[in-house]
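Chain by chain, the residues:
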Amino acid sequence: MANSQIAYLNRNQVPERQALQEAIKALRFRLTLDDAYVPFESSGYLPCTLDGEDAGVDIKFSDTAAQLNDQPQLQQQVGDRDTAILLRWGGDPRERASALILGATLAHSFGALVQRQPEETLRVPEQLVDEARKAFSQLQEE
């Protein structure tokens, strides 16, 4: 079963690979994005390495309107953020941790608002960073 979250942000704040990688590192996450990440061009599986092991996610860029067409309350909260980055993962806990780290980093460092599917609430950056840290620490316990 696929799980997903959507990061909503302004098109001009969507980070290039190097900026995103530096922001991940600044939050002290051990996630490395593959060179295949290119904003607005990457689509489908994005290879990532989490603490030395494969842990990729599916990524898709779209317009915010396409994601929020039947959620007026969220439309109001998202405001003028015109870009949606959909992050999907399967049942692998490493993939989940990678997706949570990416969402947390986009929120913390690039002003994204993140919606976990199918919820209709937005999570704040601190909450997302805490969730990502917890997901990573659970991997260390296994």
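Draft legend 1. Expanded view of the overall build of the protein. When helices and strands are tallied, the protein shows 5 helices and 9 strands. By the compact-globule yardstick of 14 Å for 142 residues, the protein fits well, its C-alpha radius of gyration being 14 Å. Partitioning the contacts of the protein with sequence separation of at least 6, the portion at a separation of at least 24 is 64%. Approximately 7,400 Å² of the protein is accessible, and the part contributed by carbon and sulfur atoms is 44%. Between the averaged position of the 14 positive side-chain charges in the protein and that of its 22 negative side-chain charges there is a distance of 4 Å.

Draft legend 2. Highlighting unusual backbone geometry. The omega angle of the peptide bond from glutamine 117 to proline 118 is 5°, so this bond is cis rather than trans. A positive phi is found at arginine 28, a non-glycine position, where the angle reads about 65°. One can find arginine 28 in the loop between helix H1 (17-26) and strand E2 (31-33). For phenylalanine 40, which is not glycine, the phi torsion reads 70° and is therefore positive. Tracing the backbone through its elements, the reader meets phenylalanine 40 in the loop between E2 and strand E3 (44-46).

Draft legend 3. Main features of the nonpolar core. In terms of nonpolar packing, the biggest core is built from 38 residues, with Leu20, Ile24, Leu33, Tyr37, Leu50, Ile85 and Leu102 touching the most fellow members. The element that contributes the greatest number of residues to this core is helix H4 (residues 93-110), accounting for 9 residues. Sequence-distant contacts of leucine 33, that is, excluding residues within four places in its chain, are made with Arg17, Leu20, Gln21, Ile24, Leu46, Pro47, Cys48 and Leu102. Counting residues in each nonpolar core, the second largest holds 9 residues, with Val78, Leu86, Leu113 and Leu122 among its members.

Draft legend 4. Inspection of the sheet that holds strand E5 (residues 53-54) at higher detail. Spatial strand order, E2-E4-E5: 3 strands in an open sheet with antiparallel pairing. The sheet terminates laterally at E2 and E5, the two strands that pair on one side only. Across 2 bridges, strand E4 (residues 48-50) lies against E5 in antiparallel orientation. Directly across from leucine 50, in E5, lies its bridge partner glutamate 53.

Draft legend 5. The arrangement of the side chain of glutamine 115 in detail. Inspection of the secondary structure puts glutamine 115 in strand E8 (residues 113-116). A residue is classified by how much of its surface remains accessible, and glutamine 115, at 1% relative accessible area, is buried. A distance of 2.6 Å separates a polar atom in the side chain of glutamine 115 from a polar atom in the side chain of tyrosine 8. Not counting the four nearest positions on each side in its chain, glutamine 115 is found in contact with Gln5, Ile6, Tyr8, Leu68, Gln71, Leu74, Glu120, Thr121 and Leu122.

Draft legend 6. Spotlight on H4. Between the first and last C-alpha of H4 there are 25 Å, a value that for 18 residues agrees with the 26 Å anticipated at 1.5 Å per step. By the criterion of burial, H4 is predominantly enclosed, with 13 of the 18 residues buried. Taking the backbone nitrogen of arginine 94 as reference, a side-chain oxygen 2.7 Å away marks aspartate 92 as the first, capping residue of H4.

The rules behind each value
- Along every chain, residues carry numbers that run from 1 in the direction the sequence is written.
- Residues qualify for local features only when their pLDDT is at least 70, as the model is predicted, and side-chain atom pairs are given and counted only at 80 or more; totals for whole chains, interfaces and linings, by contrast, use all residues.
- Based on all heavy atoms of the structure, the side-chain values leave hydrogens and waters out of the count.
- Strands here mean DSSP runs of E at least two residues long; helices mean DSSP runs of H or I at least four residues long; both are numbered from the N terminus.
- Just to be clear, the radius of gyration here is over C-alpha atoms, and the globule rule we use is 2.2 Å times residues to the power 0.38.
- Two residues qualify as a contact provided that any one of their heavy atoms is within 4.5 Å of a heavy atom in the partner residue.
- Only the protein chains shown count as covering a residue, and every accessible area follows the Shrake-Rupley method with a 1.4 Å probe.
- Charged-residue counts in this description rest on Lys and Arg as positive and Asp and Glu as negative, His and the chain ends being excluded.
- Throughout, a charge is located at the NZ atom of Lys, the CZ atom of Arg, the CG atom of Asp or the CD atom of Glu.
- By nonpolar core we mean a set of buried residues, namely Ala, Val, Leu, Ile, Met, Phe, Trp, Tyr and Cys, connected to one another through side-chain atoms within 4.5 Å.
- Summary of the burial criterion: residues with accessible area below 20% of their type's maximum are buried, those above 50% are exposed, and those between are partly exposed, where the area comes from a 1.4 Å probe applied to protein chains only.
- The criterion for strand pairing is that DSSP finds at least two bridges linking the strands in question.
- In protein, a polar contact requires one atom able to donate a hydrogen and another able to accept it; more generally it is a pair of N or O atoms within 3.5 Å, and residues adjacent in sequence count only if both atoms are side-chain atoms.
- Here the expected span of a helix is defined as 1.5 Å times the quantity of residues minus one.

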